[in-house]
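What the coordinates show
Each chain, letter by letter, is given below.
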Amino acid sequence: MTSEQVLEKAAEYLSADDTAFLREAYELARYAHREQYRRSGEPYIWHPVQVAGILVDLGMDPDTVAAAFLHDVVEDTDIGLEEIEQKFGEQVAMLVDGVTKLGKIKYKSKEEQQAENHRKMFVAMAKDIRVILIKLADRLHNMRTLKHLPPEKQRRISNETLEIFAPLAHRLGISKIKWELEDTSLRYLNPQQYYRIVNLMKKKRVERESYIEEVQELLKDRLAGMQIEADIHGRAKHIYSIYRKMVLQNKQFNEIYDLLAIRIVVKSIKDCYAVLGTIHTQWKPMPGRFKDYIAMPKANMYQSLHTTVIGPKGDPLEVQIRSEDMHKVAEFGVAAHWAYKEGKTVDDAESLETKMSWFREILEWQNNTSDAQEFMESLKIDLFSDMVFVFSPKGDVMELPKGSVPLDFAYRIHTEVGNRCIGAKVNGKMVPLDHQLKTGDIVEILTSKHSYGPSQDWLKITQSSHAKNKIRQWFKKEKRDENVEKGRDLIEKEIEKKGFTTKQVLTTDNLARVMDKFSFTTEEDMYAAVGYHGITAAQVVTRLTDTLRQEEAAAEGKTLTEAVGDLKPNQRTVQKKDKTGVKVKGIDNLMIRLSRCCNPVPGDSIVGYITKGRGVSIHRADCPNIQQEEDARLLEVDWEQQPNQSKNYDVDIEISGYDRRSLLNDVLQAVAETKTNIHAVTGKADKNKMARIDMTVSIQHTAHLQKVVDRIKQIPDIYTVRRVMH
Ligand code: MN
């Protein structure tokens, strides 16, 4: 179609003013693209004119057609959205903007779930259904001119068309566009099969057409007798649908194509049923093949009567019967509902909303096998509008409940990613963890293996039940495992400290006695309680060892008090040896210092590093600064058995949270409650109300540090607590 033909066709259903408005849009587009050419060598303006032509064929409103003329202007030329809004109004500018934004979504073919999410996101982003109609018309024309592109591009675009655009057209009920998109895609993706089917269809055509003619003749007379005006057509099967049946059902071409099909279009619903009656008396209906989509429309509003009868030659004959209005909906789908009608404007907000929610329901619920019951279900629930679709940095799309925050996204990726989350970037910018995600956002999660895991606040700010469950699980399980392990460790150390071995002490008898004494049901419960400081290791071990000590004391003729007294002097001598609290296996008199980069404290697993001339520096085993070092310079070291109660170690922690009044005060007070000294503290907040507090605290051992961290995490609005490594 030339631009004049498009405008003439529009004038058939639009007013003179509207047509003049479209001409203006065309003129601006022509000016904007004046120096651009398509790969085919044609002036670029040819493309938007064809896109506008497709939409005029669908009978779309003036704003949509104007936006079609202008759809590539903002992306490809100097003319901006403001100018379009000034000249053509808010609606046209909104539509052009929508098409431009959709154009930026990059689709990488993956599995079906990803394709489905992309389709949904497409719709969610489009906001106005007309944006999708323009995009479909745009894609249709690009497919028609695909031969001018290099082969790899042809394949990539065809694939995308088949996975994203054709299903969208289908769900919108625009079968006309859907079929052409599918057939053209197949031509590039599997040319051998495509041309084979085309040739087979050609060969069969004469035979088929004469048969249809015969049926037509028979029906015409009967219907004329009943005074029913009817259009009777042979129904062409589409190449792609034949191809799919051959591939999916593993059928031969003849098995599919022998099924003859006609379509009868009449004036009214009454006539539809009258025609059905005539056909069923003329030919024998095949059982189970009659479907009344008039009484029960399909989810995409498709209406028709379907039946299969044993035709004049004894072969099955498929018949579709529908009214002219129904036929329009069958071909144009949602576009038929949106077609421009005088006096009915599309910016009527209420009807727009109704149409959009109806449309979302279709997308959510309709699938190829949808039946009447499913359709009724779909009217009750509107899940889709409660979703947002966001990207991972790799381009995967995730569907999340509306109001979701980066933490929901993190847990969706992986539970560990969620548990170790310390921050997030949305579209490249740092955001607080309670930042609400919007459809189309690119979300990047920052993790640290030194994170202390979820805080209570996370349960409040997350939206998805998935994330909430994982967080609750963490509090229950991970925490318990950790405590059990810690408790076991503390008890074993306490046993050694008292001069026994675990083998001597941890006997079934001893354990049963102690568990009974403290009312623990399992051994693990006991360790967990110690790990959680519900009870001290010393209390437990004293009980565990009392029989042993009594026996020993009896053997040596000493009282229990005397026996306990014996243990103490030994330990004091060990203590004095080394101020760092660290001992190096088999070597005395080494210069030892604790490294400042990772600030180890008793309880951390540690490694010694032999420096050049400055003795041994002690790092945490997971400190990144020693990971690269050669083994020869690393030394096995351990903490002294008995922690020196007066010795404190500096530990740097980083705390993040929502920047509210007195957050810092609450943190300082919480730390004070644990009787912990603070050596340094700095606080700052960014404009997103994200607060960060850096603090150096004076710590005795890991259990002490854990207590401080746990206390901080109970403060409302605290997101993360992290031990810092430099
Ligand atoms: Mn385009």
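Residues numbered from 1 in each chain as written. Predicted model: local features only at pLDDT ≥ 70, side-chain atom pairs only at ≥ 80, totals over all residues. Heavy atoms only, no water.

1. Examining the overall build of the protein chain
Counting its regular elements, the protein chain contains 30 helices and 20 strands. In the protein chain, buried positions account for 48% of the 726 residues. For the protein chain, the exposed surface amounts to about 36400 Å²; the carbon and sulfur share of it is 50%. (Helix = DSSP H or I, 4+ residues; strand = E, 2+ residues; numbered from the N terminus. Buried < 20%, exposed > 50% of the residue type's maximum accessible area, 1.4 Å probe, protein only. Areas by Shrake-Rupley, 256 points an atom, 1.4 Å probe, with all protein chains shown as cover.)

2. Here we look at the nonpolar core
Side chains that are nonpolar tend, in soluble globular proteins, to be buried together. Formed by 62 residues in total, the largest nonpolar core has its most connected members in Leu 22, Leu 55, Phe 69, Leu 70, Ile 84 and Val 92. When residues in this core are grouped by element, the largest group, nine residues, is from helix α8 (residues 129–144). Excluding anything up to four places from it in sequence, Phe 69 contacts Val 6, Leu 7, Leu 22, Ala 25, Tyr 26, Ala 29, Pro 48, Val 49 and Ala 52. Listed in part, the 31 residues of the second largest apolar core include Val 582, Val 601, Val 637 and Ile 715. (Core = buried A, V, L, I, M, F, W, Y, C linked by side-chain atoms within 4.5 Å. Contact = heavy atoms within 4.5 Å.)

3. Some words on helix α11 (residues 191–225)
Here α11 contains 35 residues, and its C-alpha end-to-end distance of 48 Å stays within 8% of the 51 Å for a straight helix at 1.5 Å per residue. The largest bend in α11 comes to about 45°, at Arg 205. Every buried residue belonging to α11 is among Tyr 194, Ile 197, Val 198, Met 201, Lys 204, Arg 208, Tyr 211, Ile 212, Val 215, Gln 216, Leu 219 and Leu 223, and all of these are buried. Taken from the residues just after α11, Gln 227 is the one with a positive phi, measuring 55°. (Expected span 1.5 Å × (residues − 1). Bend = angle between axes of the 7 residues up to and from the residue.)

4. Concerning the coordination of the manganese ion
For the manganese ion, the protein coordination sphere consists of His 47 (NE2), His 71 (NE2), Asp 72 (OD) and Asp 138 (OD), at 2.2 to 2.4 Å. One chain supplies every donor for the manganese ion, spaced along it as H-x23-H-D-x65-D. With His 47 in helix α3 (residues 46–57) and Asp 72 in the loop between α4 (62–69) and α5 (73–76), this pair connects stretches of sequence that are 25 residues apart. A relative accessible area of 1% places His 47 in the buried class. Take Asp 72: its relative accessible area is 13%, and that puts it in the buried class. (Donors = N, O, S within 2.8 Å, 3.2 Å for Na, K, Ca; no water.)

5. Description of helix α24 (residues 508–518)
The set of residues buried in α24 consists of Asn 510, Leu 511, Val 514 and Met 515. End-on, the buried residues of α24 take up no more than an arc of 125°, which puts them together on one face. Facing away from the buried surface of α24 by more than 90 degrees, the exposed residues are Thr 508, Asp 509 and Asp 516. Positive backbone phi, approximately 55°, marks Ser 519, located one or two places after α24. (Arc of directions from axis to C-beta.)

6. Here's the deal with the packing of aromatic side chains
Here the distance between the centres and the angle between the planes together describe a pair of aromatic rings. Per the stated rule, a full pass over the model turns up seven aromatic pairs. Each ring, one from Tyr 194 and one from Tyr 195, has its centre 5.0 Å from the other, and the planes form 90°; the classification is edge-to-face. Consider the rings of Tyr 411 and Trp 458, whose centres lie 6.4 Å apart with planes at 75°: the pair is edge-to-face. Residue Tyr 411 is located in helix α19 (residues 406–413), and its partner Trp 458 is located in helix α21 (residues 457–461); the two are separated by 47 residues in the primary sequence. The class for Tyr 411 is buried, based on a relative accessible area of 1%. (Phe/Tyr/Trp six-rings, centres within 6.5 Å; stacked < 30°, edge-to-face > 60°.)

7. A few points about the sheet that holds strand β19 (residues 690–699)
The four strands lie next to each other as β18-β19-β17-β20, forming an open sheet whose pairing is antiparallel. With one partner strand each, in any of the chains shown, β18 (678–685) and β20 (718–723) form the two edges of the open sheet. Pairs of neighbouring strands in the sheet enclose a mean axial angle of 15°, with direction left out of account. Sheet topology note: the β18/β19 ladder contains seven bridges and is antiparallel. Along β19, the bridge assignment pairs Ala 685 with Ala 691. (Pairing = 2+ DSSP bridges. Axes fitted to C-alpha atoms, helices over the stretch in contact; angles between N-to-C directions.)

8. Details of a negative patch on the surface
On the surface, Glu 209, Glu 213, Glu 217 and Asp 221 cluster together into a patch of negative charge. Assignment of secondary structure puts Glu 209 in helix α11. (Patch = residues over 30% accessible without salt bridge, like charges linked within 9 Å, V, L, I, M, F, W, Y side chains within 5 Å. Salt bridge = Lys/Arg side-chain N within 4 Å of Asp/Glu carboxyl O. Lys, Arg positive; Asp, Glu negative; His and termini not counted. Charge placed at Lys NZ, Arg CZ, Asp CG, Glu CD.)

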